[in-house]
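The residues making up each chain are set out below.
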Amino acid sequence: PFPGNANNLVMSLPEYTKTLRGEDQGVVLEFVNPKYKDEKARTDFKKPTRLECMMQDIPKLYQKELESPNIGFCMFDRWFTFSPAKNSLEAGQE
């Protein structure tokens, strides 16, 4: 109920397809980022943990597989963007 990421990726399908067929087959490194109830004890999770990856790794694949990738980004004024709340009301008050 509380999404944490509203980033959007826009890719050209021919370049994306070539990247998927490249050496890494479009696979980016994954990691686990657990959230603990008690950061000191680190014995109980606050919620189930999941695999995550960095969207910044996708341009790295493009640079590896394409001769001259056209990579960029757009930034909008904050009022123009969708900014979901990541935390529950209780967690936001901590």
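Scope of this entry: the structure provided in the associated data block. Everything numeric here is computed off the predicted structure, so don't read it as measured data.

Cut-offs applied
Numbering of residues begins from 1 in every chain and follows the order in which that chain's sequence is written. Confidence filtering applies because this is a predicted model: local features only for residues at pLDDT of at least 70, side-chain atom pairs given and counted only at 80 or more, and all residues used for totals across whole chains, interfaces and linings. The side-chain values count all of the structure's non-hydrogen atoms but skip hydrogen atoms and water molecules. Helix numbering and strand numbering both begin at the N terminus, where a helix is a DSSP run of H or I of at least 4 residues and a strand a DSSP run of E of at least 2. Buried, partly exposed and exposed residues are distinguished by accessible area as a fraction of the type maximum, computed with a 1.4 Å probe on protein chains only: under 20%, between the cut-offs, and over 50%, respectively. Note on contacts: a residue pair qualifies if any of its non-hydrogen atoms lie within 4.5 Å across the two residues. Areas reported here follow the Shrake-Rupley algorithm with a probe of radius 1.4 Å; residue values treat only the protein chains shown as occluding. Patch definition: residues above 30% relative accessible area lacking any salt bridge, with like charges linked at up to 9 Å and the nonpolar side chains Val, Leu, Ile, Met, Phe, Trp and Tyr linked at up to 5 Å. Each salt bridge in this description consists of a side-chain nitrogen of Lys or Arg and a carboxyl oxygen of Asp or Glu lying within 4 Å of one another. Axis angles are defined between N-to-C directions and span 0 to 180 degrees, where every axis is a line fitted to C-alpha atoms and, for a helix, only to the segment in contact. For classification purposes, angles smaller than 35 degrees are called roughly parallel, those larger than 145 roughly antiparallel, those between 65 and 115 roughly perpendicular, and all remaining angles oblique. Residue polarity is assigned by list, with Asp, Glu, Lys and Arg as charged and Ala, Val, Leu, Ile, Met, Phe, Trp, Tyr, Cys and Pro as nonpolar; anything else, Gly included, falls into the polar class. Charge assignment: positive for Lys and Arg, negative for Asp and Glu; neither His nor the chain ends contribute. In the analysis that follows, any N or O atom pair within 3.5 Å is treated as a polar contact, provided that within protein one partner can donate a hydrogen and the other can accept it, and provided that, for residues neighboring in sequence, both atoms belong to side chains.

## Some thoughts on the overall build of the protein
Alright, step 1. Of the regular secondary structure elements, the protein holds three helices and two strands.
Alright, step 2. Evaluated residue by residue, the protein yields a buried proportion of 10% over its 94 residues.
Alright, step 3. Put simply, 52% of the contacts in the protein that link residues at least 6 apart link residues at least 24 apart.
Alright, step 4. Surface summary for the protein: the accessible area is close to 8700 Å², and the carbon and sulfur share equals 54%.

## Points about the environment of Glu 15
Alright, step 1. The topology assignment puts Glu 15 in helix α1 (residues 13–20).
Alright, step 2. C-alpha of Glu 15 to C-alpha of Leu 66: the two residues are 51 residues apart in sequence and 7.5 Å apart in space.
Alright, step 3. If sequence neighbours within four positions are ignored, Glu 15 has contacts with Tyr 62 and Leu 66.

## Details of a nonpolar patch on the surface
Alright, step 1. A grouping of Leu 9, Met 11, Leu 13, Tyr 16, Leu 20 and Met 55 is seen on the molecular surface, where their side chains present a nonpolar patch of about 510 Å² in accessible area.
Alright, step 2. Here Tyr 16 is to be found in helix α1.

## Examining the packing of α1 against helix α2 (residues 57–65)
Alright, step 1. Interhelical geometry of α1 versus α2 gives an angle of 80° and a closest axis separation of 9 Å. One element, α1, and the other, α2, form an angle in the roughly perpendicular class. Counting all contacts with α1, which are made through Glu 15, Tyr 16, Lys 18 and Thr 19, the residues of α2 involved are Leu 61, Tyr 62 and Glu 65.
Alright, step 2. For the contact of α1 with α2, the residue count by class is three nonpolar, one polar and three charged.

## Concerning the side chain of Glu 65
Alright, step 1. With respect to the helices and strands, Glu 65 occurs in helix α2.
Alright, step 2. Buried within the structure, Glu 65 lacks any salt-bridge partner; Lys 64 is the closest side chain of opposite charge, at an N-O distance of 5.3 Å.
Alright, step 3. Here the side chain of Glu 65 touches Glu 23 through a polar contact of 3.0 Å, landing on its backbone nitrogen.

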